[in-house]
Structures are given as structure tokens and as C-alpha cells.
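# Examining the three-dimensional arrangement
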Amino acid sequence: MIIARSIDELRQGLSASQCPAFVPTMGNLHAGHIKLVKLAKPQGDCTVVSIFVNRLQFLPNEDFDSYPRTWEADCAKLEAAGCDVVFAPRETDLYPEAQTVKVHADPALADILEGEFRPGFFTGVSTVVMKLFMSVFAGKGKGLAVFGKKDYQQLMVIRQMVCQFALPITVVGVDTCRAEDGLALSSRNGYLSEAERAEALQLSLALRELGRDALAAADALATHLSVLEAKAMAGLRQRGWQPDYLTVRRRQDLQAPQSGDALVVLGAAKLGTTRLIDNFEI
């Protein structure tokens, strides 16, 4: 397994590849990440995983400095999964100068939900993903990039970016990997105390209940949706959560649903000091 620290080293390691399969991560890898790597491997001629904690997508009061970094364990997991190249740039390698040129996603998609509660988040995500894509895929005829659906809105933003910039990359979305009890795997789950970990499942349960209620009210969903969402939010608050949103949206663009739309239910809420997200297509 090659470990590349600079873009030049990465491109040298990929010189013989014509169809890389790429999985971008921020490290602290869990079974969900490894699932992405294993799904990516047979679809390209070289499997690349990036490990980079991207400062641009963290707000000033968020956990950039404390975000868990587990380099040795990550490398061991990646090697066991058959990864060919690990791209682990230092901040000065990926951003040798202040990144004044940035990718601003469509506000209609990027300034709602996560974008409303984390202003600038998708600019940071889009910018670093574009830079990673250019590092991995420059000079290649084609390639694919694999993302988990747990970050549902992020996946949609990246797909839109790839489409509008006509990048020769196929974006693959993979179903959320969950613990045995149904909790979505996340690097931030490690912040939870034992009691919080037991409580954390309530977010996914609240979303599933909201989804069932939405389907039951399908014929008049536009009329009843705000009441159903308020009920779901109140239920979590009563358990000590601080929810940002629990909502039902249409899958195609995350706007308010209309009759007959394919739906997704999404939520974000803070439990103690840990902010968790989850979603289900319904």
C-alpha cells in the first residue's frame, strides 16, 4: 500500500491507473468506511482513500482541533481492506496558500437543512472534494468516487457539482452502515458516553416514526407535514435532545414534498455535546 503525502506523490502512485476508485474520508475509520472501500475496489483499477480533516468545512465553534485522528489504526484497516493508495496530505500540502478560490454549491440545495445550521459547510465540502478530485483524477479518462448515504445532502451536492462541471467521474452512493441496534455508524459516535450511546438510537427511531406518519398522511402531506415534524422534534426535546431539524423532503432536490414524490426523511440533533445526523428513504 502506497502512502502519498503530496499531490505529486499521489499522481506518481497513480501514474499507471486509468480508472481510479476513490473514497474520500476524514479518517477515524469505522466499518462504514471500510464497506465503501471494499465496494469501490472491484470497480476501478486502483483503490485510493484520502484521509484529510478539512478545516474549511468546520465552523469556528466546531470540533476541528478535537476531531479524532487515528492514523495507525486507519492504515491497518485500509491495508486489510485491499486499499492501494492512501492520500494523506498535510494541510500545507493541500492548501499551500490561502484557498481564496472556492466552489459555492447551488444555494437552493446547499443553504437548507445542514447548510442552514452550518453556514458555509457545503462550500468547504465542495471545495475540498473538487481539489481531491483534481488530485486523483487529473489526466484520467474516467473514474468513480464512493460516498455513504448517511451524509445524504452532501452526496446530492457532490453529484450536482460533478454533473455541472462535466467531470469524468461516476459518483456512487452507498447505503448507511449501521450498528446491530440500528444506529448509523459515525466517527462522532466516539464522543458519546455509555448512557448517550444507548440514547442515540432515538434519533433514528424518531425519523422512522416520522416517515411512517408521513406515509400515512400521503394524500394530504402538504397540509399535515409541519404538524408531524413539530411532533417529532418535540418528542426528542422531551428526551433531552436539541434537534436542529427532523423533516420529510422529496428525494430529487430536498424541497418540500408534493403528492406522489419519492421521499426521504432527514434529521440532525445534538445529544449532550455531540451532533448526530441520520436519514431514511421512504
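Located above this text is the structure these notes cover.
Residues numbered from 1 in each chain as written. Predicted model: local features only at pLDDT ≥ 70, side-chain atom pairs only at ≥ 80, totals over all residues. Heavy atoms only, no water.

### Re the overall build of the protein
Note the threshold: Put simply, DSSP H or I for four residues or longer makes a helix, DSSP E for two residues or longer makes a strand, and each gets a number counted from the N terminus. The rule is simple: take the accessible area with a 1.4 Å probe, protein chains only, and divide by the maximum for that residue type; under 20% is buried, over 50% is exposed, in between is partly exposed. Only heavy atoms enter the contact rule, under which two residues are in contact if any of them lie within 4.5 Å.
Broken down by element type, the protein carries ten helices and nine strands. On the principal axes, the C-alpha backbone points of the protein span a range of 55 × 40 × 35 Å. Scored against the burial criterion, the 282 residues of the protein give a buried share of 54%. Pairs at least 24 residues apart make up 72% of the contacts formed inside the protein by residues separated by at least 6 positions.

### Some words on the environment of Q252
Among the structural elements, Q252 can be located in the loop between β7 (242-250) and β8 (263-271). A sequence separation of eleven residues divides Q252 from L263, and the C-alpha atoms of the two residues are 8.4 Å apart. Sequence-distant contacts of Q252, that is, excluding residues within four places in its chain, are made with M156 and D261.

### Thoughts on the packing of helix α2 (residues 31-40) against helix α3 (residues 71-81)
Filter applied, for reference: The angle between two axes is taken between their N-to-C directions and runs from 0 to 180 degrees, where each axis is a line fitted to C-alpha atoms and a helix contributes only its stretch in contact. Geometric relationships in this document are graded by angle, where less than 35 degrees denotes roughly parallel, more than 145 denotes roughly antiparallel, 65 to 115 denotes roughly perpendicular, and other angles denote oblique. Should the near helix be turned anticlockwise from the far one by less than a right angle, the crossing is left-handed, and should it be turned clockwise, the crossing is right-handed. In this classification, Asp, Glu, Lys and Arg are treated as charged, Ala, Val, Leu, Ile, Met, Phe, Trp, Tyr, Cys and Pro as nonpolar, and every other residue, Gly included, as polar.
Between α2 and α3, whose axes approach to 10 Å, the crossing angle comes to 30°. Classed by the angle they form, the pair α2 and α3 counts as roughly parallel. By crossing handedness, the relation of α2 to α3 is classed as right-handed. Of the residues in α3, those touching α2 at I34, V37 and K38 are K77, L78 and A81. By residue class, the composition of the contact of α2 with α3 is four nonpolar, no polar and two charged.

### A closer look at α3
How we decide: Here the arc refers to the directions that run from the helix axis out to each C-beta atom.
Among the residues of α3, those classed as buried are D74, C75, L78 and A81. All buried residues of α3 project into a common sector of 130° when viewed along the axis, lining one side. In α3, those exposed residues whose orientation departs by more than 90 degrees from the buried face are E72, E79 and A80. The inward-facing, buried residues of α3 abut β1 (2-4), α2, β3 (46-51) and β4 (85-87). Where α3 ends, the next residue or the one after it, G82, has phi of about 90°, a positive value.

### Details of the nonpolar core
So the rule is basically this: By convention a nonpolar core is built from buried Ala, Val, Leu, Ile, Met, Phe, Trp, Tyr and Cys residues, the set being connected through side-chain atoms within 4.5 Å.
One finds L10, V48, V129, F133, F147, I158 and L254 to be the most contacted residues of the largest nonpolar core, which totals 46 residues. With residues near it in sequence (within four places) discarded, L254 still touches L109, I112, L113, Y152, Q153, M156, R249, V264 and L266. Counting residues in each nonpolar core, the second largest holds 25 residues, with L192, A269, L271 and F280 among its members.

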